[in-house]
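Remarks on the overall topology
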Amino acid sequence: MPHSIKRIRTLALVGQSGAGKTSLAEALLAKAGAIPAAGSVERGTTVGDYTPLEKQLQHSLKLAVASFDCQDTKIHLLDTPGYPDFLGHALPALAAVETAAVVINAQNGIEMMTGRFLQAAAKRGLDRLIVINKIDADNVDLEGLLERIQEAFGKECLPLNLPAGGRTKVSDCFFAPSGEADFSSVEEAHQKLIDQVVEVDEKLMAAYLEKGEVSPDELHEPLERALREGHLIPVVFVSAKTGAGIGELLDVIVKLLPNPTEGNPPSYTVTKAGNGSDSELQPVPDPGKHVLAHVFKIEIDPYIGRLAVFRVHQGRMTAGMQLYVGEGRKPIKPGHLYLLRGKTQTEVKEAIPGDICAIAKVDEIQFDHILHDSADDAHVHAKALELPTPVFGLAVQPKKRGDEQKVSDVLHKILAEDPCFRIEHNSQANETVMRGLGEMHLRTVLEKMSSQYKIELDTRPPSIAYRETIAARAEGHSRHKKQTGGAGQFGEVYLKIEPLPRGKGFEFVDSVKGGAIPNQFIPSVEKGVRAVLDHGFLAGYPLQDVRVTVYDGKSHPVDSKDVAFVSAGRKAFLDALAKARPIVLEPIVNVEITAPEERMGDIAGELSGHRGHIKGSDAPRPGLVQIKATAPLSELEHFPARLKSLTAGHGTYNLEFSHYEQAPPQLQQKLVAAHKPAVAEE
């Protein structure tokens, strides 16, 4: 039977590792009757953690989709990993749902990733729900935790239910507020909810003040608006282990969370060809319109090949229909559409707005692509996900000679699946570097290559990605003239260079007047200039944050050729660089460390000994300290091992690229000196 958009719910479970997201997904699936019984993470029997490596490590490494039916409603549930190292698999889930459910471990309380996910969900305009899991555990203070949540994230975090019966069940505070609670009072919680919700609707507020009560039916519309505007962040209590609050959570999902026609619509961008400015486009959740669907996950399965998982935002998709992929002009005709439940795929005839489905075996589809059925939509893109920049690197080479091609193929498969994984080839150091979000991220990639693809790699710290720039303006000139027997070569170029603000990259400006350099040779001048960018000037590192303006030159009607202007452009640029005070830049990273409180002094000392600066510290929970600092990446090579020994293995850290800044004089001299012999050899 065709299903209605209003009977669809999409929900992502996000939050710190150890909050019990995968077990919660199991409990919801079992309660809804979608699986016979809840599986266990320890025994490796869960729907969400289905890869051999996840079963071995006993935690999620990637985003898993579980679609199921409950109370005539189709629920698309996304289970995500919680370690900061796997944010590339967790954050894309936020692009596919109306609601982000941030799961908190009742024993650990608010952790580093709790606030990060709430913030990311708010930024994308999602409805937010806080789920406090493991309420059955020993030594938990649920009342204190609720107070801390309200202090940290605002008074709009209000309980929809409260623990009762000594944490063996929960009492509803919204639909039928009549039960007892372990703390606070159901009546009082109900009152606060109503007061908060009616604030968004003036008419209802007036009626409420007059009559003193409102019915749950009258509340549906304003409640949905309060969620959409972030005016209400409901809090629910559950125990995935004992089942307490699981039925109530299903009720909340079905009765209160938004369907795809509610919530804030996602924003797409239409990029204009040429220099036109981009415009915004909001997909309409209407099956009658043309198709727009966003690919938020790619999985390469050893048995079925490439699987592209997408969320339909507009139109109706059917198996066998003609679709275009991103900006591709060649249509595809996927023969099958699948609903997913972990590794199980069920064929479906159609997908409508709100549905999360998959297409198999289409190699052209990449992460973040838009699938559409009209060639006119080639320039439509999804709003960019704000993903962290991978800065943690390992230089790799195959243990077995002759495995280079095999290694390259497998790395590209992993690259397709993971938007926070990068492969760089550093031609200067002749090394292949893989970059990720941390040690655990890259260790998992190595384990996957070893267990799934039977490839072993040797690893070592990579060369640091230094850059070069200039500190002053300068002018350069070069005349390229070659007269040998036969045709000659002639080109002359005058250019100016100036520094750009950090992070602006490179700009090439043509301001030649009166055809002093004919138009067809300007690209050749740029080619010559760009040839210098990659190899640098001082120490052999790529140049950035420079504007090059070509303003004059000369040509010859017979002897001027592309090759002459490539050479003149290159030499004029080198001439200008010699006068522009070139400098070496080093990458600076943001470091976030969570460690036992008593180790704060040791960690601060360790950081300051390596040119680090502490920006601030916080106490996420008693006994723990969270330190925010910046430090040069080159100084952090041995930091993971040092942190481990300083904190007896209890410290965790997270690196994120921040910016480039000028390297200290001694380091510059060392890098320039190391480059000189290399230049001499050439």
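This write-up is about the structure you can find in this document. (Residues numbered from 1 in each chain as written. Predicted model: local features only at pLDDT ≥ 70, side-chain atom pairs only at ≥ 80, totals over all residues. Heavy atoms only, no water.)

1. Some thoughts on the packing of aromatic side chains
So the rule is basically this: Only Phe, Tyr and Trp rings take part, Trp by its six-membered ring, and two of them pair if their centres are within 6.5 Å. Stacked means planes under 30 degrees apart, edge-to-face means over 60, and tilted covers everything else. For the exposure calls, accessible area comes from a 1.4 Å probe over protein chains only, and a residue counts as buried if that area is under 20% of its type's maximum, exposed if over 50%, partly exposed in between. Over a ring means this: the NZ of a Lys or the CZ of an Arg is within 6 Å of the ring centre and within 35 degrees of the ring normal.
Taken as a whole and judged by the stated rule, the model has 7 aromatic pairs. With a centroid separation of 6.5 Å and 80° between ring planes, the pair formed by Y83 and F86 is classed as edge-to-face. Overall, Y83 belongs to the partly exposed group, its relative accessible area being 28%. A cation over a ring is seen here: K62 above Y50, with NZ or CZ 4.0 Å from the ring centre. The lysine or arginine in question, K496, covers the ring of Y551, its NZ or CZ lying 5.2 Å from the ring centre.

2. Describing the environment of V270
Inclusion rule: Where helices and strands are cited, they refer to DSSP runs of H or I of at least four residues and of E of at least two residues respectively, numbered from the N terminus. Residues count as neighbours in contact if any of their non-hydrogen atoms are within 4.5 Å of one another.
Along the polypeptide, V270 turns up in strand β10 (residues 268-270). Measuring from C-alpha to C-alpha, the distance between V270 and E280 comes to 6.1 Å, with 10 residues separating the pair along the chain. Once residues lying within four places of it in the same chain are set aside, the contact partners of V270 are D278, S279, L281, H379 and V380.

3. Things to note about the packing of helix α6 (residues 186-198) against helix α7 (residues 202-211)
We apply this condition: Comment: axis = line fitted to C-alpha atoms, over the contacting stretch for helices; angle = value between 0 and 180 degrees taken between N-to-C directions. Angular relationships are summarised with four words: roughly parallel below 35 degrees, roughly antiparallel beyond 145, roughly perpendicular across 65 to 115, and oblique for the angles in between. Here the nonpolar group is Ala, Val, Leu, Ile, Met, Phe, Trp, Tyr, Cys and Pro; Asp, Glu, Lys and Arg are the charged ones; every other residue, Gly included, is treated as polar.
Between α6 and α7, the least distance of the axes is 9 Å, while the angle of their chain directions is 140°. Taken together, the axes of α6 and α7 are oblique relative to one another. Taken together, the residues of α7 that come into contact with α6 (itself represented by Q191, I194, D195 and V198) are L204, M205 and Y208. When grouped by side-chain class, the residues that make up the contact of α6 with α7 number 5 nonpolar, 1 polar and 1 charged.

4. A closer look at the side chain of H89
With respect to the helices, strands and loops of the structure, H89 is situated in helix α3 (residues 87-90). The contact partners of H89, leaving out residues within four places of it in the chain, are L61, K62, L63, P81, E417 and D418.

5. Quick word on the sheet that holds strand β25 (residues 457-460)
Convention followed: Here, strands pair whenever DSSP counts at least two bridges between them.
Here 4 strands make up an open sheet; going across it, the order is β23-β24-β22-β25 and the pairing antiparallel. Only two strands of the sheet have a single neighbouring strand rather than two, namely β23 (422-426) and β25. This sheet shows a mean twist of 35° between the axes of neighbouring strands, independent of strand direction. The pairing of strand β22 (residues 392-398) with strand β24 (residues 431-436) spans 5 bridges and is classified as antiparallel. Within β24, the position partnered with F392 by the bridge is G436.

6. Focus on the sheet that holds strand β29 (residues 506-510)
The 4 strands are arranged β27-β28-β30-β29 in an open sheet whose pairing can be described as mixed. What marks the edges here is a single partner per strand, and that holds for β27 (474-482) and β29. Taking each pair of neighbouring strands and ignoring which way they run, the sheet shows an average axis angle of 25°. Strand direction decides the pairing type here: β29 and strand β30 (residues 546-554), joined by 5 bridges, are parallel.

7. Considerations on unusual backbone geometry
Excluding glycine, residues mostly have negative phi values, and the peptide bonds linking residues are mostly trans. Although it is not a glycine, K361 adopts a positive phi angle of roughly 60°. The topology assignment puts K361 in the loop between β19 (356-360) and β20 (370-372).

8. Quick look at the pairing of strand β12 (residues 292-301)
Counting buried positions over the 10 residues of β12 gives 9, a clear majority of the element. By the bridge criterion, 9 bridges tie β12 to strand β13 (residues 305-314) in an arrangement that is antiparallel. Across the sheet, A293 pairs through a bridge with V312, a residue of β13. Joining the antiparallel neighbours β12 and β13 is a turn of 3 residues. Bridge analysis of β12 against β20 gives 3 bridges, and the strand direction is antiparallel. Within β20, the position partnered with H294 by the bridge is I370.

9. Here we look at the packing of α6 against helix α8 (residues 216-228)
Keep this limit in mind: Less than a right angle of anticlockwise turn of the near helix away from the far helix marks a crossing as left-handed, whereas a clockwise turn marks it as right-handed.
It is at 9 Å that the axes of α6 and α8 come closest, and there the two elements cross at 65°. The orientation of α6 with respect to α8, classified from their angle, is roughly perpendicular. The handedness of the crossing between α6 and α8 is left-handed. In this structure, α6 contributes I194, V197 and V198 to the contact, and α8 contributes L219, P222 and L223.

10. Details of the nonpolar core
This is how it is decided: Residue types Ala, Val, Leu, Ile, Met, Phe, Trp, Tyr and Cys, when buried and joined through side-chain atoms within 4.5 Å, form a set referred to as a nonpolar core.
Grouped together as the largest cluster of nonpolar side chains are 100 residues, with contacts concentrated most on L24, L78, I130, V131, I132, F237 and L249. Dropping the residues within four chain positions of it, I132 is found in contact with I104, A106, L142, L145, I149, V235, V236, F237 and V238. In this structure, I414, F421, I593 and I603 belong to the second largest nonpolar core, which totals 33 residues.

11. So, the state of the cysteines
Cut-off, in case you're wondering: Pairs of cysteine sulfur atoms within 2.5 Å are identified as disulfides in what follows.
As enumerated under the stated definition, the model contains 0 disulfides in all. Cysteine C70 shares no disulfide, and the gap to the nearest cysteine sulfur, in C357, comes to 19 Å.

12. Some points on the pairing of strand β5 (residues 127-133)
This is how the line gets drawn: Look down the strands so they point away from you; if the path from the first strand over the helix to the second goes clockwise, the crossover is right-handed.
Most of β5 is tucked away: 7 of the 7 residues are buried. Here β5 shows two buried faces, one formed by D127, L129, V131 and N133 and the other by R128, I130 and I132. With 7 bridges connecting them, strand β4 (residues 99-105) and β5 associate as parallel partners. Following the sheet pairing, A100 is matched in β5 by R128. Following the chain from β4 across helix α4 (residues 112-123) to the adjacent parallel β5, one finds a crossover that is right-handed. Note: β5 against strand β9 (residues 233-237), 3 bridges, orientation parallel.

13. Quick word on the pattern of salt bridges
The following threshold applies: Here, a salt bridge means any Lys or Arg side-chain nitrogen found within 4 Å of an Asp or Glu carboxyl oxygen.
Scanning the entire structure with this criterion turns up 26 salt bridges. Where R316 meets E350, a salt bridge forms, and the shortest distance between an N and an O atom there is 2.6 Å. You can see R316 sitting in the loop between β13 and β14 (317-318) and its partner E350 sitting in strand β18 (residues 350-351), a full 34 residues away along the chain. Judged by relative accessible area, which is 36%, R316 ranks as partly exposed. In this structure, the salt-bridge partner of D458 is K399, at a minimum N-O distance of 3.4 Å. Linking D458 in strand β25 with K399 in the loop between β22 and α10 (404-417), this pair joins segments that are 59 residues apart in sequence. Given the relative accessible area of 33%, D458 is considered partly exposed. Linked by salt bridges that have partners in common, R473, E498, E507 and R547 make up one network.

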